[in-house]
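Observations on the model geometry
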Amino acid sequence: LKYSGPIAQSMDASGGRIFFPSRDGYLYAIIPGRKDPAWQRKVGQFGDLVSEIGSAGDEILLGDSSGEFFAISRENGKSRWRTRLGAAVIARPVLSPDGMWVAAATVEGDVAILSMTGGSPKGLFKAEDEVVGAPAFVGGLLLVGSVDRRLYELEVPGARLRRAVEFGGPIQHA
């Protein structure tokens, strides 16, 4: 197999397939040992950086540099739903432990808690600076680190700020 762009994000494996976004603007599903991909779909332009892949059972969660956020079928690569977040999503999106909510964050500091069933926003929060690390669901909270040096504790699903803890430097990975 030969692809035209570098792979800058982690790969994800499930159901005998390997999934990865490439900087050629496509998301691929390959089956080891086969010559052609099981499917590929456009997720941007050549050179665009997309988010790390988030996992949600039969779906891949992925954001792109234009602010589009998708739940994509692992089986055929088609969108189950999509939501516009308005700014580039590079942090890995995460699924809540109960599977009801997905959290996505943008480089503009926007944090969205979305319904996993249809992608509708249930809570929105604005950090003071960009969010580049994956948020984390813990109990009934969503923890979000920001380049603004704060760790935000948000209530799920409304994204109401419970508290912000300041650190000595930017939070870039979670």
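All residue numbers refer to positions counted from 1 along the written sequence of the respective chain. Totals for whole chains, interfaces and linings use every residue, but because this is a predicted model, local features are given only for residues with pLDDT of at least 70 and side-chain atom pairs only at 80 or more, for both listing and counting. Side-chain numbers here rest on the full set of heavy atoms in the structure, without hydrogens or water.

**Points about the overall build of the protein**
Just so we agree on the cut-off: Secondary structure follows DSSP: runs of H or I at least 4 residues long count as helices, runs of E at least 2 residues long count as strands, and numbering of each begins at the N terminus. Here the radius of gyration uses the C-alpha set of atoms, whereas the globule reference equals 2.2 Å times the residue count to the power 0.38. Think of it in three bands: residues with accessible area under 20% of the maximum for their type are buried, residues over 50% are exposed, and the middle band is partly exposed, with areas taken using a 1.4 Å probe on protein chains only. Values of accessible area rely on a 1.4 Å probe in the Shrake-Rupley scheme; residue burial ignores everything except the protein chains shown. By the counting scheme adopted, Arg and Lys are positive, Glu and Asp are negative, and His together with the chain ends is not counted. A single reference atom marks each charge: NZ on Lys, CZ on Arg, CG on Asp, CD on Glu.
When helices and strands are counted, the protein shows zero helices and 16 strands. Expected size for 174 residues packed as a compact globule is a radius of gyration near 16 Å; at 16 Å, the protein falls within 12% of this value. If you line up the protein on its principal axes, its C-alpha atoms span 50 × 30 × 25 Å. Going through the 174 residues of the protein one by one, you find that 48% of them count as buried. Put simply, the protein shows about 8,400 Å² of open surface, and 49% of that area lies on carbon and sulfur atoms. The centroid of the 20 positive side-chain charges in the protein is displaced by 5 Å from the centroid of its 20 negative side-chain charges.

**Focus: the layout of surface pockets**
Quick reminder of the rule: A 1.4 Å probe that fits but cannot get out identifies a cavity on a 1 Å grid over protein atoms alone, an open set with protein on both sides within 12 Å along at least five of seven lines counts as a pocket, and a residue lines either if it has an atom within 4 Å of a point. Grid points are joined across faces, edges and corners, and a volume is the space filled by probe spheres set on the points. Three classes are used: nonpolar for Ala, Val, Leu, Ile, Met, Phe, Trp, Tyr, Cys and Pro, charged for Asp, Glu, Lys and Arg, and polar for all others, with Gly counted as polar.
Estimates place the volume of the largest pocket at around 170 Å³. For the largest pocket, the lining is made up of 14 residues, of which Glu-52, Ile-90, Ala-91, Val-132 and His-173 are closest to its centre. Split by residue class, the lining of the largest pocket holds eight nonpolar, four polar and two charged.

**Description of the nonpolar core**
Let me state the cut-off plainly: Nonpolar core, defined: a set of buried Ala, Val, Leu, Ile, Met, Phe, Trp, Tyr and Cys residues in which side-chain atoms within 4.5 Å join the residues together. The contact criterion used is simple: two residues touch if any of their non-hydrogen atoms lie within 4.5 Å.
Val-111, Phe-125, Leu-142, Val-144 and Leu-154 are the most contacted members of the largest nonpolar core, which totals 16 residues. Those elements that provide at least two residues to this core are β10 (101-105), β11 (110-115), β14 (141-145) and β15 (150-155). Considering each element in turn, this core owes the most residues, three residues, to β10. Dropping the residues within four chain positions of it, Leu-142 is found in contact with Ala-103, Val-111, Ile-113, Pro-135, Ala-136, Phe-137, Tyr-152, Glu-153, Leu-154 and Val-156. By size, the runner-up hydrophobic cluster in this structure holds 12 residues, among which are Ala-71, Val-89, Ala-104 and Met-116.

**Details of the sheet that holds strand β8 (residues 79-84)**
Put simply, the test is: A pair of strands counts as paired when DSSP detects no fewer than two bridges linking them. Axis geometry follows a simple rule: fit a line to the C-alpha atoms, using only the stretch in contact for helices, then measure angles between N-to-C directions, giving values from 0 to 180 degrees.
The four strands lie next to each other as β5-β6-β7-β8, forming an open sheet whose pairing is antiparallel. The open sheet has two edge strands, β5 (54-56) and β8, and neither has a second partner. Along the sheet, successive strands turn relative to each other by an average axial angle of 20 degrees, direction set aside. The pairing of β5 with strand β6 (residues 59-63) spans three bridges and is classified as antiparallel. Bridge pairing links Gly-54 to Leu-61 in β6.

**A few points about the pattern of salt bridges**
Threshold: The term salt bridge refers to a pairing of a side-chain nitrogen on Lys or Arg with a carboxyl oxygen on Asp or Glu at a separation within 4 Å.
Per the counting criterion, the structure on display carries 12 salt bridges. Across the salt bridge formed by Glu-59 and Arg-80, the nearest N and O atoms sit 3.0 Å from each other. With a gap of 21 residues between them, Glu-59 in strand β6 and Arg-80 in strand β8 connect regions that are remote in the sequence. A residue is classified by how much of its surface remains accessible, and Arg-80, at 46% relative accessible area, is partly exposed. With a shortest N-O distance of 3.4 Å, Lys-126 and Asp-110 are connected by a salt bridge. Pair noted here: Lys-126 is in strand β12 (residues 121-126) and Asp-110 is in strand β11, with a separation of 16 residues, a long-range link. You can call Lys-126 partly exposed: its relative accessible area is 47%. Shared partners join several salt bridges into a network, and the residues in it are Asp-148, Arg-149, Arg-150 and Glu-166.

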